[in-house]
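# Report on the structure
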Amino acid sequence: MNSDEEEVLLLLALIDSPVKKRIWIHDINRQHRIHGEFHTLYPRLRLDEDRFFNAFRMTTENFDEILNMIKENISKSFTKYREPICPEERLAITLRFLASGDSFRCIANSYRVGCSTVAEIVDEVCDVIWTTLQPIYMKPPTEEMWNLTSEEFYNMWQFPNCLGSIDGKHVTIVCPPNSGSNYFCYLKKFSVVLMAIVGPHYNFLCIDVGGFGKNSDGGIFENSVMGRRFNNGTMNVPRPKLLPRTNDVTPHVLIGDEAFRLQAHVMKPFNQRVSRVDRRKEEYNKRLCRARRVVENAFGLLAQKWRIYFKPMHLKVSSAKKVIKATCVLHNYLRSKTCNTPYLQNMYFTTQQNNAMNNEYQNFETLQLSGDRVRTQFVNFFNGGSRI
C-alpha cells in the first residue's frame, strides 16, 4: 500500500467517525424552572426564617436589602436565545456557595444550571458585593473612626490608645498552576493571607487580601497598602494623647503578636523568656493578649458564618480574593444588623474629613519615638506607674 492510498483511507476514517457535538444546554438543566432548587426549595425556605438563615446565613430581610443594593449591577439582558438567570437567584447561588462550601458541581446540580455558570455567577456577584458594600461597611478610616475605636477598646478591653488588633489568616487554596512555592506556608498547605485590622466588636476595619502564604505576617503587613500608610503617616491616625490618669503622652497603636515588628505604632508582647522573670512585663503581656484576641475571634466568627473557609478553595487566586473580600464586608454588614451597639452604628455613619495637619503632627511626634519607648509607657501604665 503506497502513501496515497494510506492518505485516502485516513480521510475516509475521519469522515466516517462520529463527531461529538457540544450541548448548549443539558437536558437536565432545561428543567431549571421546574426542578431547580431556586424554584422549588427557595420559596419554601422564605416561609421558615430559621431554615432560611441556616441556608444563607442571614435573614430574609438582610437578603432582600442586599439584593436591592446590588440588583442593577448583577442583572443580565434578555436575548432571543435564552432567558437569563434573575438577580435573586444569582445572589442565592452565591450565598449558598459561601455558606455551605459545596463545590460548583454540587450547586450546579442542585440549581439545575451549568457548572461554569455557577463559577461565573460567584465571581461576578462577590465582586459586586464588595464594590457596593465596601464604601458603607468598610470605608477608608478617618480620624473620627479611629477615635471611636480607641475609646471602645479602652471601655471593653482596658487597653488605651488602641486603634485595632492585627493578624493574618491563612486561607487554604488549591495550589495555583506554575506558582512554585509562593503560596506554600508553614502550615504545610497552600494559602493566601487575609491581613486584617479588627475593632473591639469583631468588625473588620481594614483588610489586605492576597499575600503569599510563604511570607510572614509582619512582612505582609509592612508591604501592604495599609502598612505603608501607617509608616508614612497618611492613615488619619489621631494625635498622641495622655494615657488615662497619667502624664505620659503616647501615640495610638495597633496590637499584634510576635510575628510583627515592634514600632511606635505597633505593639507586640515581650518574649516569654523575658516576661517570665519580670512581673511588670508579664502583666503587660496579659493585657495586650486579652485585647489582641479580638482578631482571632473575628476570624473564627468569619469561618463559622461562611463555611467556604472550612475547605480548600478550588478557585483561581483572583476569584479567591473576591470571595474573601466579599465575606469580610458581609461580616461587617451582618454585625451592624445583629449587634445593636452605638459604636457600630456610629462606625458606619462617620463623615470623611481632611486630616492633613494631623498627619503632619503624627509624622513629627510619633515617628521620632521608638517602639521600645512606647512599649515601656504601656508597661508603666498597666503596672500603676506614672499616675497623676
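Residues numbered from 1 in each chain as written. Predicted model: local features only at pLDDT ≥ 70, side-chain atom pairs only at ≥ 80, totals over all residues. Heavy atoms only, no water.

- Looking at an unreviewed UniProt entry, one finds the chain named DDE Tnp4 domain-containing protein and attributed to Euphydryas editha.
- Per UniProt, the comment on the chain under Sequence similarities (unreviewed entry) is "Belongs to the HARBI1 family." (UniProt positions renumbered as here; feature names shortened; annotations may be inferred.)

## A few points about the overall build of the chain
- A tally of helices and strands in the chain yields 17 helices and seven strands.
- Relative to its full complement of 388 residues, the chain shows a buried share of 51%.
- Relative to all contacts within the chain whose residues are 6 or more apart in sequence, the contacts with residues 24 or more apart total 70%.
- Surface exposure of the chain reaches about 19,800 Å², of which carbon and sulfur atoms provide 50%. (Helix = DSSP H or I, 4+ residues; strand = E, 2+ residues; numbered from the N terminus. Buried < 20%, exposed > 50% of the residue type's maximum accessible area, 1.4 Å probe, protein only. Contact = heavy atoms within 4.5 Å. Areas by Shrake-Rupley, 256 points an atom, 1.4 Å probe, with all protein chains shown as cover.)

## Structural notes on helix α4 (residues 49–56)
- Buried residues of α4: Phe52, Ala55 and Phe56, and no others. The arc that holds every buried residue of α4, seen down its axis, measures 75 degrees, which confines them to one face. Along α4, the residues that are exposed and aim more than 90 degrees away from the buried face are Asp50 and Asn54.
- Among the structural elements, α3 (37–45), α5 (60–74), α6 (87–100) and α7 (104–111) are those in contact with the buried residues of α4.
- For α4, the side-chain oxygen to backbone nitrogen distance between the N-cap and Asp50 is 3.2 Å, and the N-cap itself is Asp48.
- Residue Arg57 follows α4 closely and has a positive phi angle near 65 degrees. (Arc of directions from axis to C-beta. Polar contact = N/O pair within 3.5 Å; in protein donor to acceptor, adjacent residues only side chain to side chain.)

## Here's the deal with helix α11 (residues 225–232)
- All of the buried residues along α11 are Met226, Gly227 and Phe230. For α11, the angular spread of the buried residues around the axis is 100 degrees, confining them to a single face.

## Focus: the packing of α6 against helix α14 (residues 317–338)
- At their nearest, the axes of α6 and α14 sit 12 Å apart, and the two run at 90 degrees to each other. Taken as axis vectors, α6 and α14 run roughly perpendicular relative to one another. The segment α6 lies against α14, with Leu95, Phe97 and Leu98 engaging Val323, Thr327 and Leu330.
- Broken down by class, the residue content of the contact of α6 with α14 amounts to five nonpolar, one polar and no charged. (Axes fitted to C-alpha atoms, helices over the stretch in contact; angles between N-to-C directions. Parallel < 35°, antiparallel > 145°, perpendicular 65-115°, else oblique. Nonpolar A, V, L, I, M, F, W, Y, C, P; charged D, E, K, R; others polar.)

## Observations regarding the sheet that holds strand β6 (residues 253–255)
- Taken in spatial order, the five strands line up as β3-β2-β1-β6-β7 in an open sheet, and their pairing is mixed. Two strands in the sheet have a free side with no partner beyond their single neighbour: β3 (204–212) and β7 (266–267).
- With three bridges joining them, strand β1 (residues 162–172) and β6 adopt parallel strand pairing. Across the sheet, Ser165 pairs through a bridge with Ile255, a residue of β6.
- Lying on the sheet, helix α9 (residues 143–157) is in contact with β1, β2 (191–198) and β3; it crosses β1 at an angle near 90 degrees.
- Here α14 sits on the sheet in contact with β1, β2 and β3, set at roughly 165 degrees to β3. (Pairing = 2+ DSSP bridges.)

## Structural notes on the pattern of salt bridges
- Inspection of the entire model under this criterion finds 10 salt bridges.
- For Glu65, the salt bridge is made with Lys337, and the minimal N-O distance between the two is 3.4 Å. Placement of the pair is Glu65 in helix α5 and Lys337 in helix α14, with a sequence separation of 272 residues.
- Classification of Glu65 by relative accessible area gives partly exposed; the value is 27%.
- Taking relative accessible area as the criterion, Lys337 reaches 39% and is therefore assigned partly exposed.
- Overlapping salt bridges bring together Arg46, Asp64 and Glu88 as one network. (Salt bridge = Lys/Arg side-chain N within 4 Å of Asp/Glu carboxyl O.)

## Focus: the pairing of β3
- The buried fraction of β3 amounts to seven of the nine residues, a majority that puts the element mostly inside the structure.
- Pairing of β2 with β3, which is carried by seven bridges, proceeds in the antiparallel orientation. Following the sheet pairing, Leu194 is matched in β3 by Val209.

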